[in-house]
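Chain and residue survey
Here is how the chains run, residue by residue.
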Amino acid sequence: MVSRVIPVDPFDLVIFGGTGDLARRKIFPGLFRRFCSGQMQEEARIIGAARSEMDDAGFREMIADAIREFGGGRACEDGTLEAFLNHVFYEQVDAMGTGGWEALKGRLRSGYVRAFYFSVGPSLFGALAERLRTFGLADDESRVVVEKPFGHDLATARALNKALAEHFDETQIYRIDHYLGKETVQNLMAVRFGNVLFEPLWNAQYVDHIQITVAETVGVGGRGEYYDKSGAMRDMVQNHLMQLLCLIAMEPPARFEPDAVRDEKLKVIRALEPVKPHHIVRGQYDADGDAPSYREDAGDTRSTTESFIAMKCHVSNWRWAGTPIYLRTGKKLRARASEIAVVFKDAPHSIFPEDAGRHRNILTIRLQPNEGMELGVTIKEPGPGGMRLLDVPLDMSFAEALGPDAEEAPDAYERLIMDVIRGNQTLFMRGDEVEAAWAWTDPIIEGWQARGEVPKPYDVGSSGPDDSLMLLHRDGRKWRDIRA
Ligand code: NAP
């Protein structure tokens, strides 16, 4: 199968925070891979900007090192890296100051797509937006890309939206949630709305429940102090898991267009019921031999921040009435595995003998590792001995189904940056979506604080606190195993 790479229009892309961790680990390696695939045109220009004193040559060296470390070495060997670096430049700019802006402006050309990536802390978003206008770098066609975290709560998210809206129209603002850039997440929409098979069953009448799990094996490590101010609810649920929930639960949009899709996602968030306190389990990982506990990692022996969360949610509308959606995410769990499982109800009547066994259809959408989908179907166990039923997977691993092209598929950051250049906001969060998500999570967090709730400890390498197992057990259900 031959993949079609359609080059994007020539662009000037400024990356504020160009010397930072995210730029070096994700953004530049991603751009390099898009360059290798032929998606960037000869005129494309990428300009890193930060306070560090550096010239183009020094910055190119830094980026070359980053790409060698994070970007996939194959193409580096044949001169492609050098060719890519010719597109890379650097300007010393302080987001809070006035120096460097005229020089940065001098790097920009007219007639090209112009985008500004704010790969810096959110406290700088307002200052950057203001200076881009004051110094005449941005116009009504320019785009700005902002990173998570988009706010710490509803009030701070509103303030960020307001600061950006003073200088840019909503159609110019691209709020990144890299989960939305994942191939499988988009495939979820293709499967739901491109086939006649699933959508008629995609409702409370046929779906027993849905599980969304994002499990990590790493702890908070060196980010402990930062993480301790947010926790799993703010760091993972409010953005990534809620976005997945929206895509799973939303009504079919009229068109695959940014506002049509985002309107439907917003309706889901607004239809979410407030979560009852006993429908949430929070956890903190314990020490493991010499490996530190969460509290040690966080540098606070009395921290009440959660590194794990499991919760039962209800989307209160006709489609989903009575069908719970369970969310679970945590650090230092059994395996690094993210998946969405749609668990269908039993067939209404079994014609088979009791001892034949009974299986439910489960559609599993794997986000990592090995992106793909699997549909469990019931068949007859082969061989003699009467009718015994067996659950077998119809497995579509993208790597196998699509062959070598699957490996070349852009990762989430690459895809999203190319979408910015194309001017396609479908996979970016709109301001009102982000605010609605905070409006739903804020009361939950405030409730914990008011009740002085302390997370339950859990073993490293486990599936989280036992109480999270009980959350489903009480409903006569079971979490799927966390396995890579
Ligand atoms: P970082 O490593 O601390 O880098 C911050 C960057 O901002 C550096 O390039 C720094 O360079 C620049 N900077 C700081 N103050 C500045 C100022 N006043 N004017 C101009 N540039 C300034 O942070 P990061 O990990 O790259 O994260 C950047 C943003 O992305 C954060 O909001 C973070 O939450 C978010 N994010 C990061 C990741 C990740 O994996 N790292 C993932 C998701 C989201 P100078 O010091 O030279 O100015």
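Keep in mind that this is a model prediction, so the values were computed, not measured.

1. Considering the pairing of strand β3 (residues 88–92)
- Of all five residues making up β3, four are buried, and the element is well covered by its neighbours.
- Two elements, strand β2 (residues 45–50) and β3, share five bridges in a ladder whose sense is parallel. Bridge pairing links Ile-47 to Phe-89 in β3.

2. Some details on a negative patch on the surface
- A grouping of Asp-286, Asp-288, Asp-459 and Asp-466 is seen on the molecular surface, where their side chains present a negatively charged patch.
- Position of Asp-459 relative to the elements: it lies in the loop between β15 (456–458) and α16 (466–473).

3. Regarding the domain arrangement of the chain
- What the domain assignment reports for the chain is domain 1 (11–147) and domain 2 (180–411 + 429–473).
- With centres defined by C-alpha atoms, the gap from domain 1 to domain 2 works out at 34 Å.

4. Some remarks on the environment of Val-185
- With respect to the helices, strands and loops of the structure, Val-185 is situated in helix α7 (residues 183–194).
- It is 24 Å that separates the C-alpha atoms of Val-185 and Glu-170, two residues lying 15 residues apart in sequence.
- Discounting chain neighbours no more than four positions away, the residues touching Val-185 are Tyr-179, Leu-180, Leu-244, Leu-247 and Leu-367.

5. Some details on the packing of aromatic side chains
- Under the definition given, this model contains 15 aromatic pairs.
- Between the aromatic rings of Tyr-285 and Tyr-458, the centroid separation amounts to 6.5 Å while the plane-to-plane angle is 75°, which identifies the pairing as edge-to-face. Placement of the pair is Tyr-285 in strand β8 (residues 280–285) and Tyr-458 in strand β15, with a sequence separation of 173 residues.
- Tyr-458 gets classed as buried once you look at its relative accessible area, which sits at 2%.
- Site record: aromatic cluster; members linked through ring pairs are Phe-16, Trp-101, Phe-116, Phe-118, Phe-125 and Phe-135.
- Lying over the aromatic face of Phe-89, Arg-60 brings its terminal NZ or CZ to 5.1 Å of the ring centre.
- The ring of Tyr-112 carries the charged tip of Arg-109 above its face, separated from the ring centre by 4.0 Å.

6. Some points on the sheet that holds strand β10 (residues 325–330)
- If you walk across this open sheet you meet the nine strands as β14-β13-β12-β11-β7-β10-β9-β8-β15, and the pairing is mixed. Looking at which strands have only one partner, the edges of the open sheet turn out to be β14 (389–397) and β15. Within the sheet, the average angular offset between the axes of one strand and its neighbour, ignoring direction, is 20°.
- Relative to β10, strand β9 (residues 308–313) runs antiparallel, the two sharing six bridges. Among the inter-strand pairings, Ile-309 is bridged to a residue of β10, identified as Thr-329.
- Its contacts with the sheet place helix α9 (residues 231–249) against β7 (207–215), β9, β10, β11 (337–344) and β12 (362–368), and it is angled at close to 145° to β10.
- In the packing of helix α15 (residues 431–451) onto the sheet, the strands contacted are β8 and β9, and the crossing angle to β9 comes to about 120°.

7. Some remarks on the state of the cysteines
- Counted under the stated rule, the structure contains zero disulfides.
- Free cysteine Cys-246: the closest other cysteine sulfur is in Cys-313, separated by 11 Å.
- Judged by relative accessible area, which is 1%, Cys-246 ranks as buried.

8. Topic: the nonpolar core
- Counting residues in each nonpolar core, the largest one holds 141 residues, and the members touching the most others are Phe-16, Phe-84 and Met-311.
- Looking at which element gives the most residues to this core, the answer is α9, with 12 residues.
- In contact with Met-311, other than residues within four places in its own chain, are Met-233, Val-237, Val-275, His-279, Ile-280, Ile-325, Tyr-326, Leu-327, Trp-440, Ile-444 and Leu-471.

9. What to know about the site of the ligand
- Around the ligand sit 22 residues, and of these Thr-19, Asp-21, Arg-25, Arg-51 and Ser-52 come closest.
- The contact in question runs from a nitrogen atom of the ligand to an N or O atom on the side chain of Asp-21, over 2.8 Å.
- Contact distances for the ligand include 2.8 Å between an oxygen atom and a backbone N or O atom of Leu-22.
- Burial of the ligand by the protein chains amounts to 73% of its free accessible area of 890 Å².
- The element best represented in the shell around the ligand is helix α1 (residues 21–36), accounting for three residues.
- Looking at side-chain class alone, the shell around the ligand contains nine nonpolar, seven polar and six charged residues.

10. Some points on a nonpolar patch on the surface
- A surface patch of nonpolar side chains, about 280 Å² in accessible area, is lined by Ile-351, Phe-352 and Met-387.
- On the basis of relative accessible area, Ile-351 is assigned to the exposed category, the value being 67%.

11. Re the side chain of Glu-433
- Following the sequence through the fold, Glu-433 ends up in helix α15.
- For Glu-433, a relative accessible area of 1% puts it in the buried group.

12. Re the pattern of salt bridges
- Tallied over the entire structure, the rule returns 38 salt bridges.
- For Arg-33, the salt bridge identified is with Glu-414, shortest N-O distance 2.6 Å. Placement of the pair is Arg-33 in helix α1 and Glu-414 in helix α14 (residues 412–422), with a sequence separation of 381 residues.
- Using a relative accessible area of 3% as the deciding quantity, one classes Glu-414 as buried.
- Of the charged contacts in the structure, one is a salt bridge between Arg-430 and Asp-259, with a shortest N-O distance of 2.8 Å. With Arg-430 in the loop between α14 and α15 and Asp-259 in helix α10 (residues 258–271), this pair connects stretches of sequence that are 171 residues apart.
- Taking the relative accessible area as the measure of exposure, Arg-430 reaches 9% and is therefore buried.
- Because the salt bridges share partners, they merge into one network encompassing Asp-208, Lys-312, Asp-346, Arg-360, Asp-475 and Arg-477.

The rules behind these values
- Residues numbered from 1 in each chain as written.
- Predicted model: local features only at pLDDT ≥ 70, side-chain atom pairs only at ≥ 80, totals over all residues.
- Heavy atoms only, no water.
- Buried < 20%, exposed > 50% of the residue type's maximum accessible area, 1.4 Å probe, protein only.
- Helix = DSSP H or I, 4+ residues; strand = E, 2+ residues; numbered from the N terminus.
- Pairing = 2+ DSSP bridges.
- Patch = residues over 30% accessible without salt bridge, like charges linked within 9 Å, V, L, I, M, F, W, Y side chains within 5 Å.
- Areas by Shrake-Rupley, 256 points an atom, 1.4 Å probe, with all protein chains shown as cover.
- Salt bridge = Lys/Arg side-chain N within 4 Å of Asp/Glu carboxyl O.
- Lys, Arg positive; Asp, Glu negative; His and termini not counted.
- Charge placed at Lys NZ, Arg CZ, Asp CG, Glu CD.
- Domains from an automatic or database assignment.
- Contact = heavy atoms within 4.5 Å.
- Phe/Tyr/Trp six-rings, centres within 6.5 Å; stacked < 30°, edge-to-face > 60°.
- Lys NZ or Arg CZ within 6 Å of the ring centre and 35° of its normal.
- Axes fitted to C-alpha atoms, helices over the stretch in contact; angles between N-to-C directions.
- Disulfide = S-S within 2.5 Å.
- Core = buried A, V, L, I, M, F, W, Y, C linked by side-chain atoms within 4.5 Å.
- Near = heavy atom within 4 Å.
- Polar contact = N/O pair within 3.5 Å; in protein donor to acceptor, adjacent residues only side chain to side chain.
- Nonpolar A, V, L, I, M, F, W, Y, C, P; charged D, E, K, R; others polar.

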